[in-house]
Amino acid sequence: TAVMTGLREGELLGLQWGDIDWNSPTVRVRRQYTNGDSRAEVEALAPNSQLAAGLLDALRVWRLKCPKGDHDLVFPNGKGNPESHSNLLQRGFYPALRRAKLRKIRFHDLRHTFCSLLIKNREPPQDQLMIKNGRSSQQRVGHKLLADHV
């Protein structure tokens, strides 16, 4: 989901099923979880991010299997509560990298990959990525020169 949406780790951990518009199909960032605590990101809401058809299908399947909890989270822990960052990395992300025989990367590198894929597809990254402090993520991650040629 991270590489297909450009969402940050905390944004994914705070994502609730109600944040997904299944008809558009888009996702709206309304909060993030940091070490189990929810924090609204009102001043830094992401533009609606289009969801690829394959991701939308995978999320529909996951919704049926997803542990239920009071927070209605898309990516909760096994009891339906907010997942910790360390568990996400140690029990999910890093083992998935090993199974795929990929080198160890930071979770945030998936956001950079998303931006690179947008540029490859000639889509302006700033339309999909969160804007903070007046600078788009593509400017901060060094894709500005490439994006100028889109």
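Our structure's up above, just so we're on the same page.
Residues numbered from 1 in each chain as written. Predicted model: local features only at pLDDT ≥ 70, side-chain atom pairs only at ≥ 80, totals over all residues. Heavy atoms only, no water.

1. Describing the overall build of the protein
Applied cut-off: Starting at the N terminus, helices and strands are each numbered in turn, a helix being any DSSP run of H or I of at least four residues and a strand any DSSP run of E of at least two. With a 1.4 Å probe rolled over the protein chains alone, any residue whose accessible area is under 20% of its type maximum counts as buried; one over 50% counts as exposed, and the rest are partly exposed. Any two residues whose heavy atoms approach within 4.5 Å at even a single point are treated as in contact. Surface exposure here means Shrake-Rupley accessible area, sampled with a 1.4 Å probe, where a residue is shielded only by the protein chains that are shown.
Scanning the protein from terminus to terminus reveals seven helices and seven strands. Across the protein, helices and strands are ordered from the amino to the carboxyl terminus as α-α-β-β-β-β-β-α-α-α-β-β-α-α. A total of 150 residues make up the protein; the buried ones form 41% of that total. Taking the intrachain contacts of the protein between residues at least 6 apart in sequence as the baseline, contacts between residues at least 24 apart amount to 51%. As displayed, the protein has an accessible area near 8800 Å², and 51% of this comes from carbon and sulfur atoms.

2. Here we look at helix H5 (residues 109-120)
The cut-off we apply is this: A helix is expected to span 1.5 Å multiplied by its residue count minus one.
Here H5 spans 16 Å end to end across twelve residues, near enough to the 16 Å set by a 1.5 Å rise per residue. Within the sequence span of H5, burial applies to Asp109, Leu110, Arg111, Phe114, Cys115, Leu118 and Ile119. Looking one or two residues beyond H5, the residue adopting positive phi is arginine 122, at roughly 60°.

3. Notes on the pattern of salt bridges
To be explicit about the condition: The term salt bridge refers to a side-chain nitrogen of Lys or Arg lying within 4 Å of a carboxyl oxygen of Asp or Glu.
Applying the stated criterion to the full structure yields five salt bridges. Its salt-bridge partner being arginine 8, residue glutamate 11 comes within 2.9 Å of it at the nearest N-O pair. For the pair shown, glutamate 11 and arginine 8 are each scored as buried. In this structure, the salt-bridge partner of arginine 60 is aspartate 57, at a minimum N-O distance of 3.6 Å.

4. Considering unusual backbone geometry
Of the consecutive residues serine 24 and proline 25, the connecting peptide bond is found in the cis state with omega at -25°. For proline 25, the location among the structural elements is in the loop between strand S1 (20-21) and strand S2 (26-27). One non-glycine residue, aspartate 72, adopts positive backbone phi at about 55°. Relative to the elements of secondary structure, aspartate 72 occurs in the loop between helix H3 (53-65) and helix H4 (85-99). Under the relative-accessibility criterion, aspartate 72 is labelled partly exposed at 38%. With phi around 60°, lysine 101 is a residue other than glycine that occupies positive phi space. Note that lysine 101 resides in the loop between H4 and H5.

5. Description of the nonpolar core
Under the convention used in this document: To define a nonpolar core, start from buried Ala, Val, Leu, Ile, Met, Phe, Trp, Tyr and Cys residues and group those joined through side-chain atoms within 4.5 Å.
Ranked by internal contacts, the top residues of the largest apolar core, which has 21 residues, are Ile20, Leu51, Leu59, Phe93 and Phe107. Counting residues per element, the ones that place at least two in this core are H3 and H4. Examining the composition of this core, we find that four residues originate from one element, H4, more than from any other. With residues near it in sequence (within four places) discarded, phenylalanine 107 still touches Ala2, Arg8, Glu9, Leu12, Leu88, Leu89 and Phe93.

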